[in-house]
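# Analysis of the macromolecular model
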Amino acid sequence: MMKVSEFAKSILFGTKIEEKLIGESDSRLELDWKERSSPLEEPPKTPGRPSHLSTGASAKFPSRHSLKSASQRGRVLHFFANHELLAMEVMALTLLRFPEAPLSFRMGVFNTLREEQTHFKIYLERMRELGVDFGALPVSEYFWNAMKQMESPLDYVIQMSLCFEQANLDFSLFFRDEMFRLNDEKTGKILQKVYDDEIAHVRHGLAWFRKWSDPLEPEWNQFTQKIRPPMDARRAKGNLCHVPSRKLVGFKDAYIRELVNHV
């Protein structure tokens, strides 16, 4: 049985892809949830990364009309793979920063992290098939820089679950449809899986947001009031806000209306 801290540190500080994917292929992986550990007081400036990854620069995202090219579709997945890696690292940081958070919350973060590992792995495999290796493009650290100073589990819920992951409902659906339109069934099915898993991830975050919020106050007001800079509610949606996805998660109609109209 592996300690929670051991698992999380491998993902956060590991400098090899294999360390980031620790336990991904082992469906029987069990963690010692009775471990007593002190909170990680200060997050690292950056997560551990393989030496071949160039960070900090900004690569240009492929245009929609360029997606007929296999390599351009691979570049899209390169961006998505990096987002999955950043999410994994933030989730590992959450497990290390908040060892006293409710057990069911931490186990939910762990389960989400495991699914993000799977997304990351299948993105890498499909990218290679499309002629793009991970590290071919410089990668952003925005997710990490925005979230590394989170001060509570609620910060994680608002920023990761209700912003980054909620927005990915829109992005995964948009690009799923683009891939199917281009007859790239394999990539489309990968994005369908990501979307399906993301529904559960956002639902987990919404459940904890409601546990830690005032039931008498509008959820939209609490959401926007508690977002920590540099985050903003605009990060909770893509260019098109897919309303049925929010209904499937369980957001209230009033919240959805505010999100759709928020600019």
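This report concerns the structure included in the present document.

Rules of the game
- Residues numbered from 1 in each chain as written.
- Predicted model: local features only at pLDDT ≥ 70, side-chain atom pairs only at ≥ 80, totals over all residues.
- Heavy atoms only, no water.
- Helix = DSSP H or I, 4+ residues; strand = E, 2+ residues; numbered from the N terminus.
- Rg over C-alpha atoms; globule rule 2.2 N^0.38 Å.
- Buried < 20%, exposed > 50% of the residue type's maximum accessible area, 1.4 Å probe, protein only.
- Contact = heavy atoms within 4.5 Å.
- Areas by Shrake-Rupley, 256 points an atom, 1.4 Å probe, with all protein chains shown as cover.
- Lys, Arg positive; Asp, Glu negative; His and termini not counted.
- Charge placed at Lys NZ, Arg CZ, Asp CG, Glu CD.
- Disulfide = S-S within 2.5 Å.
- Salt bridge = Lys/Arg side-chain N within 4 Å of Asp/Glu carboxyl O.
- Phe/Tyr/Trp six-rings, centres within 6.5 Å; stacked < 30°, edge-to-face > 60°.
- Lys NZ or Arg CZ within 6 Å of the ring centre and 35° of its normal.
- Core = buried A, V, L, I, M, F, W, Y, C linked by side-chain atoms within 4.5 Å.
- Expected span 1.5 Å × (residues − 1).
- Arc of directions from axis to C-beta.

## A look at the overall build of the protein chain
Looking only at helices and strands, the protein chain has 10 helices and two strands in total. When its helices and strands are written in sequence order, the protein chain yields β-α-α-β-α-α-α-α-α-α-α-α. For the protein chain, the C-alpha radius of gyration of 18 Å lies close to 18 Å, the compact-globule estimate for 263 residues. In terms of its C-alpha atoms, the protein chain occupies a principal-axis envelope of roughly 50 × 45 × 35 Å. Every one of the 263 residues in the protein chain was classed for burial, and the buried ones make up 55%. Counting contacts in the protein chain only where the partners sit at least 6 residues apart, residues at least 24 apart contribute 80% of the total. As presented, the protein chain carries roughly 12,500 Å² of accessible surface, and 51% of it is formed by carbon and sulfur atoms. Mean positive and mean negative side-chain charge positions of the protein chain (38 and 36 charges, respectively) differ by 3 Å.

## Some remarks on the side chain of N168
The topology assignment puts N168 in helix α6 (residues 153-181). Residue classification places N168 among the buried residues on the basis of a relative accessible area of 15%. Those residues in contact with N168 that lie beyond four places of it in its chain are V194 and E198.

## Remarks on the state of the cysteines
Inspection of the entire model under this criterion finds zero disulfides. Free of any disulfide, C163 has its nearest cysteine sulfur in C241, 12 Å distant. A relative accessible area of 19% means that C241 is categorised as buried.

## Observations regarding the pattern of salt bridges
Inspection of the entire model under this criterion finds 20 salt bridges. With a shortest N-O distance of 3.9 Å, R28 and D26 are connected by a salt bridge. Among the residues examined, R28 registers a relative accessible area of 70% and is labelled exposed. What makes D26 partly exposed here is its relative accessible area of 31%.

## Here's the deal with the packing of aromatic side chains
By the definition in use, this model includes 19 aromatic pairs. Ring plane angle 45° and centroid distance 6.4 Å describe the contact between F61 and F80, whose orientation is recorded as tilted. On the criterion of sequence distance, the pair formed by F61 in the loop between β2 (31-32) and α3 (70-97) and F80 in helix α3 is long-range, its members being 19 residues apart. Among the aromatic residues, those joined into a ring-pair cluster are F61, F79, F80, Y123, F174 and F175. In this structure, K211 packs its charged tip against the face of W208, placed 5.3 Å from the ring centre.

## Re the nonpolar core
F7, F120, F134, Y156 and F223 are the most contacted members of the largest nonpolar core, which has 84 residues in total. Elements with a minimum of two residues in this core: α1 (4-13), α3, α4 (103-129), α5 (142-147), α6, α7 (185-211), α8 (219-226) and α10 (253-261). Of the residues forming this core, the biggest block, 15 residues, is contributed by α3. Apart from the residues within four sequence positions on either side, F7 is in contact with M2, I22, L29, L31, F110, L113, R114 and Q117.

## Quick look at α3
Because an α-helix packs 3.6 residues into every turn, residues spaced three or four apart end up facing the same way. Under the 1.5 Å per step criterion, the end-to-end length of α3 is 40 Å for 28 residues, consistent within 8% with the ideal 40 Å. Of all 28 residues in α3, 23 are buried, a share of seventy percent or more.

## Quick look at the environment of E219
Within the secondary structure, E219 sits in helix α8. Taking relative accessible area as the criterion, E219 reaches 12% and is therefore assigned buried. For the pair E219 and D196, spaced 23 residues apart in the sequence, the C-alpha separation amounts to 24 Å. Leave out the neighbours within four places in its chain, and E219 touches L206, F209, R210, K252 and Y255.

## Focus on the environment of L124
Tracing the chain through its elements places L124 in helix α4. A sequence separation of 50 residues divides L124 from G74, and the C-alpha atoms of the two residues are 9.2 Å apart. With residues near it in sequence (within four places) discarded, L124 still touches I17, A81 and F134.

## Some thoughts on α8
Residues of α8 that are buried: E219, W220, Q222 and F223. Taken down its axis, α8 places every buried residue within 165° of arc, on the same side. For α8, the secondary structure elements touched by its buried residues are α6, α7 and α10.

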